[in-house]
Amino acid sequence: LRLVESGGGSVQPGGSLTLSCTASEFNLADHAIGWFRQNPGSERVGVATISASGVSTNYADSVKGRFTIARDNAENTIYLQMNSLKSEDTATYYCAAVPQRRWTGVLFTHDYEFWGRGTRVSVST
């Protein structure tokens with residue numbers, strides 16, 4: 001299972017970006033997905049996670065009310081809509097997958113089994 005992130009880029013504070021996560025030749029419909037972010041020298045931290053059905057979600061406090069995670073299983077894609085971006089949101093963003101039966105609903109990196117290579121988001125003036 002190889003996950004591929006896209007949609008990163010540079011944006012000014014207050015702006016918006018939408019990240020996408022998909023997998024080629026693999027159906028993600030029975031996997032929960034998490035979004036994480038990391039900067040050089042820092043640990044990878046959870047941002048948002050969504051169940052396989054899309055019914056259940058969980059967010060880090062730092063992004064609640066600004067970020068929305070959603071999925072379109074027909075398109076085999078999971079999205080992270082990021083609004084009101086701040087400089088502290090600058091990071092490389094990774095998506096990760098775990099079979100739904102092993103999903104804990106929390107944002108611990110060790111709970112996720114498959115990872116993408118990341119997409120860079122830069123928020124600055």
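Refer to the preceding data block for the structure.
Residues numbered from 1 in each chain as written. Predicted model: local features only at pLDDT ≥ 70, side-chain atom pairs only at ≥ 80, totals over all residues. Heavy atoms only, no water.

**Q** Which parts of the structure should I look at to understand the environment of Gly116?
**A** With respect to the helices, strands and loops of the structure, Gly116 is situated in the loop between β10 (114-115) and β11 (119-123). With relative accessibility at 10%, the residue Gly116 sits in the buried group. In sequence terms Gly116 and Thr57 are 59 residues apart; their C-alpha atoms lie 20 Å from each other. (Helix = DSSP H or I, 4+ residues; strand = E, 2+ residues; numbered from the N terminus. Buried < 20%, exposed > 50% of the residue type's maximum accessible area, 1.4 Å probe, protein only.)

**Q** Would you explain the side chain of Thr49 in this entry?
**A** Here Thr49 is to be found in strand β5 (residues 45-50). For Thr49, a relative accessible area of 0% corresponds to the buried category. A distance of 3.0 Å separates the side chain of Thr49 from the side chain of Trp103, its partner in a polar contact. Beyond its immediate chain neighbours, meaning those up to four positions away, Thr49 contacts Ile33, Gly34, Ser56, Thr57, Asn58, Ile69, Trp103, Gly105, Leu107 and Tyr112. (Polar contact = N/O pair within 3.5 Å; in protein donor to acceptor, adjacent residues only side chain to side chain. Contact = heavy atoms within 4.5 Å.)

**Q** What exactly am I supposed to notice about the nonpolar core here?
**A** The nonpolar side chains of a soluble globular protein tend to be buried, and buried together. Counting 27 residues, the largest nonpolar core has Trp35, Leu80, Met82 and Tyr93 as the members making the most contacts within it. Broken down by secondary-structure element, the contributors of at least two residues to this core are β3 (17-23), β4 (31-38), β5, β7 (67-72), β8 (77-82), β9 (91-99) and β11. When residues no more than four places from it in sequence are discounted, the contact partners of Leu80 are Leu17, Thr18, Leu19, Trp35, Val47, Ala48, Phe67, Thr68, Ile69 and Tyr93. With seven residues, the next largest nonpolar core counts Val98, Trp103, Leu107 and Tyr112 among its residues. (Core = buried A, V, L, I, M, F, W, Y, C linked by side-chain atoms within 4.5 Å.)

**Q** Could you clarify how one ought to interpret the sheet that holds β8 in this entry?
**A** Strand pairing within a sheet occurs via backbone hydrogen bonds; the two strands may be parallel or antiparallel. The strand order across the open sheet formed by four strands is β1-β3-β8-β7, and the pairing between neighbours is antiparallel. Two strands bound the open sheet, and with one partner strand each, they are β1 (3-6) and β7. Strand-to-strand twist of the sheet, defined as the mean angle between neighbouring strand axes without regard to direction, takes the value 20 degrees. (Pairing = 2+ DSSP bridges. Axes fitted to C-alpha atoms, helices over the stretch in contact; angles between N-to-C directions.)

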